[in-house]
Amino acid sequence: MAVSRRIPADHGLNFRMFLTGLFLVLLYALLIGVLIKVGIGLGFVLVIAGGMLFVQYWFSDKIALFGMGGHVVSAEQEPELHAVVDRLCALADMKKPRVAVAEVDMPNAFATGRNPKNAVVCATRGIMRRLDEPELEAVLAHELSHVAHRDVAVMTIASFLGMVAGMITRFTLYAGMFGGFGNDNNNSQGALIELAVLVVSAIVYAVSFLLTMALSRYRELAADRSGAILIGRPSVLASALVKVTGELARIPTRDLRAAEHFNAFYFSPALSNGTSLSSLFSTHPPLQKRLDQLAKLEAEMNAS
Amino acid sequence: MGLLDALRGKTKPVKANLDALFALPAAAVTLQATAGVVPTGHAGVCFKPPAGQPFAQMQADLEQLLRSDASGTADAPDKAASVRDVSDKYGYRWILVEADDIDDLVTRVHMVHSSLEDAGWSTQLLCSVFGFRPGGTDGNGETDGIESITRTVFLVYLAKQGTFYPFAPLDTEQRDNELELRIRGMIGDDLPIEKDLARWFPLWGLPVE
């Protein structure tokens, strides 16, 4: 295929993403195995965690829009924004998502919705004011890639395990605190099992959290890549990233903390992280890593 | 795009679907007969130019090719090759071609399409636009039918979908939706019309006459 000749696939990124997913699945199996072994009320936990995640997944568009104060805009209200999205969707042959604007000055954009049919792409007033047209287009191409990659579904499923493990940790902890760890002598074995469940699920919780964050960072890189290829100009996306993250650093912290919960959907996270340890816990790759990838892509397009 | 590709976070750039273009001359005949509009002889191919020297070189070669072709046509050997290249405010570029005959026009647009495709850049194609103007006098002037159209209209060919839609702009960033739907009714049998009306996006200030 001519396309792959022009822009080679990034096998490294695919491999890392696959590996992360594989570890998550293995963890799932391990946790469920342990739970079945000790006979915990697995069904109960799964139903509750599943229910909560389902709500999050099904109403992801409404939750995120509500959280950010975004409102869906018509083509008459925002003709320029719609014109850009129209063209990108025709270019990528995808269904046009709803377009929303959040009336906040923080420069950011996000995409949400459980599937491409129910997707919403939202830009804040702040990002529309700060970026020029090509840069805004690049950001929207990145968000449309999230929609095409079904990232809401992927991340919801990926975080399911972490949620289950977290709930079990809390349940057994409370049960242990209030019921006492084996106050009956003849039940000391039961106490040991409870303790083991606590330890295992706490470890699973921690590891799955790290894996989910890693997966999220890979999805960001994948969206950067697809978005840059769609508009054909990686450097424009890079300049938008620099502008937005540079601007973010100058905004008072309190506003940013208030928005931290919605980081997973964002174009760039509201809190920047400098140290290498915090990069393990972040939903987005460090700016330098994203810029490096885009620079590499730009070089590939020039070379062929 | 397959579900598997989506889950792997890989969007394959979509290649263009260019074959439906050749249905256009038949639709032009229908439009002239039922509404009294004729092709303006102008068309434009709209694409997203990617960064890098390979694409710039390809485009330069292509325009050279078009010019040599236009000067050599049998019906108008003296007519200067008219290939223009303009950028619009959304960062898309247009290659504008002219030909008196709709068949020649389609051939030239197809030449642009297939050159991009052969070079591996059909992923960058957005659409191609053909102009039509009122001009019933060209054919049988007396039968300006009841459905006669009195303003310039455009047929837009969506490269990725392989479908057409009519675009009838008014003066001030308004469009005549009623007329567009009427045109859909007239040529629906000749051309694959884009079914999703959300894809009939407006092309304000398009450089095609």
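The preceding data block contains the structure.
Everything in this summary refers to the structure shown in the same document. Model, not experiment: these values are computed from the prediction.

## Things to note about the overall build of chain A
The helix and strand tally for chain A stands at 13 helices and 4 strands. Looking at chain A residue by residue over its 304 residues, the buried ones come to 50%. Long-range contacts, defined here as pairs at least 24 residues apart, represent 74% of the contacts in chain A between residues at least 6 apart. With the model as given, the accessible surface of chain A reaches about 14100 Å², and the carbon-plus-sulfur share is 65%.

## Some points on the sheet that holds strand β4 (residues 120-124) of chain A
In a beta sheet, neighbouring strands are held together by backbone hydrogen bonds and run either parallel or antiparallel to one another. Residue and element names in this part refer to chain A. A sheet is described by the order of its strands in space; here 4 strands give the open sequence β1-β2-β4-β3, paired in mixed fashion. Edge positions in the open sheet fall to β1 (70-72) and β3 (109-112), since each of these has one partner strand only. When the angles between neighbouring strand axes are averaged without regard to direction, this sheet yields 25 degrees. The pairing of strand β2 (residues 98-102) with β4 spans 5 bridges and is parallel. Bridging from a neighbouring strand, V101 pairs with A123 of β4. Running over the sheet, helix α4 (residues 60-68) touches β1, β2, β3 and β4 and is turned about 155 degrees from β3.

## Focus: the layout of surface pockets
Here the second largest pocket defines a volume of roughly 650 Å³. In terms of lining residues, the second largest pocket is bounded by 21 residues, among which A75 and E76 of chain A together with R175, P202 and W204 of chain B are the most central. Residue assignment for the lining of the second largest pocket shows that the elements contributing at least two residues are α5 (79-92) of chain A together with α5 (177-187) of chain B. Take the lining of the second largest pocket: its biggest share by element is 5 residues, from α5 of chain A. Among the residues making up the lining of the second largest pocket, the classes are represented as 10 nonpolar, 4 polar and 7 charged.

## Some thoughts on the interface of chain B and chain A
Of the residues lining the interface, 38 residues belong to chain B; the matching set on chain A comes to 38 residues. Carbon and sulfur atoms make up 54% of the surface buried where chain B meets chain A, a total of about 3300 Å² over both sides. Counting the contacts that link chain B with chain A gives 3 salt bridges. Two residues, R199 of chain B and D93 of chain A, come together in a salt bridge whose shortest N-O distance is 3.5 Å. The tally of links from chain B across to chain A stands at 9 residue pairs in polar contact (both at pLDDT 80 or more). Only α1 (3-7), α3 (53-71) and β4 (125-134) of chain B provide two or more residues apiece to the side of chain B that touches chain A. When its residues are assigned to classes, the side of chain B that touches chain A shows 21 nonpolar, 8 polar and 9 charged.

## Points about the packing of aromatic side chains
One pass over the structure, following the stated rule, counts 7 aromatic pairs over all chains. Note on F47 of chain B and F55 of chain B: the rings are 5.7 Å apart at their centroids and 55 degrees apart in plane angle, and the pair reads as tilted. In terms of burial, F47 of chain B and F55 of chain B fall into one category: buried. Members of the aromatic cluster, each reached through a chain of ring pairs, are F47, F55 and W121 of chain B. Lying across the ring of Y90 of chain B, R87 of chain A places its NZ or CZ 4.2 Å from the centre.

## A closer look at the state of the cysteines
Under the definition given, this model contains 0 disulfides over all chains. Unpaired in this structure, C89 of chain A has its nearest cysteine sulfur neighbour in C127 of chain B, at a distance of 14 Å. As a non-bridged cysteine, C46 of chain B has C127 of chain B as the owner of its nearest cysteine sulfur, 4.5 Å distant.

## Brief notes about the packing of helix α2 (residues 24-35) of chain B against α5 of chain B
When two helices pack together, their arrangement is captured by the angle between the axes and the distance separating the axes. Residues and elements named next belong to chain B. Where α2 meets α5, the axes come as close as 9 Å, and the angle between the chain directions of the two elements is 115 degrees. Pair α2 / α5 crosses with right-handed handedness. Together, A27, T30, L31, T34 and A35 of α2 and I183, M186 and I187 of α5 make up the contact between the two elements.

## So, the side chain of K48 of chain B
Checked against the element boundaries, K48 of chain B lands in the loop between β1 (37-47) and α3. Looking at K48 of chain B, its side chain comes within polar contact range of the main-chain oxygen of G91 of chain B, at 3.5 Å.

## Structural notes on helix α13 (residues 287-303) of chain A
Residues and elements named next belong to chain A. Counted at 1.5 Å a residue, the expected span for α13 with its 17 residues is 24 Å, and the 24 Å between its end C-alpha atoms agrees. Within the sequence span of α13, burial applies to R290, L291, Q293, L294, L297, E298 and M301. Buried residues in α13, looked at end-on, bunch into an arc of 160 degrees, giving them a common side. α13 presents Q288 and A303 as exposed residues on the side facing more than 90 degrees away from its buried surface.

What counts, and where the lines are drawn
Residues numbered from 1 in each chain as written. Chains lettered and ligands numbered in written order. Predicted model: local features only at pLDDT ≥ 70, side-chain atom pairs only at ≥ 80, totals over all residues. Heavy atoms only, no water. Helix = DSSP H or I, 4+ residues; strand = E, 2+ residues; numbered from the N terminus. Buried < 20%, exposed > 50% of the residue type's maximum accessible area, 1.4 Å probe, protein only. Contact = heavy atoms within 4.5 Å. Areas by Shrake-Rupley, 256 points an atom, 1.4 Å probe, with all protein chains shown as cover. Pairing = 2+ DSSP bridges. Axes fitted to C-alpha atoms, helices over the stretch in contact; angles between N-to-C directions. 1 Å grid on protein atoms, 1.4 Å probe; cavity = no way out; pocket = protein on both sides within 12 Å on 5 of 7 lines; lining within 4 Å. Points joined across faces, edges and corners; volume = space filled by probe spheres on them. Nonpolar A, V, L, I, M, F, W, Y, C, P; charged D, E, K, R; others polar. Buried area = accessible area lost by both parts, 1.4 Å probe. Salt bridge = Lys/Arg side-chain N within 4 Å of Asp/Glu carboxyl O. Polar contact = N/O pair within 3.5 Å; in protein donor to acceptor, adjacent residues only side chain to side chain. Phe/Tyr/Trp six-rings, centres within 6.5 Å; stacked < 30°, edge-to-face > 60°. Lys NZ or Arg CZ within 6 Å of the ring centre and 35° of its normal. Disulfide = S-S within 2.5 Å. Left-handed = near helix turned anticlockwise from the far one by under 90°. Expected span 1.5 Å × (residues − 1). Arc of directions from axis to C-beta.

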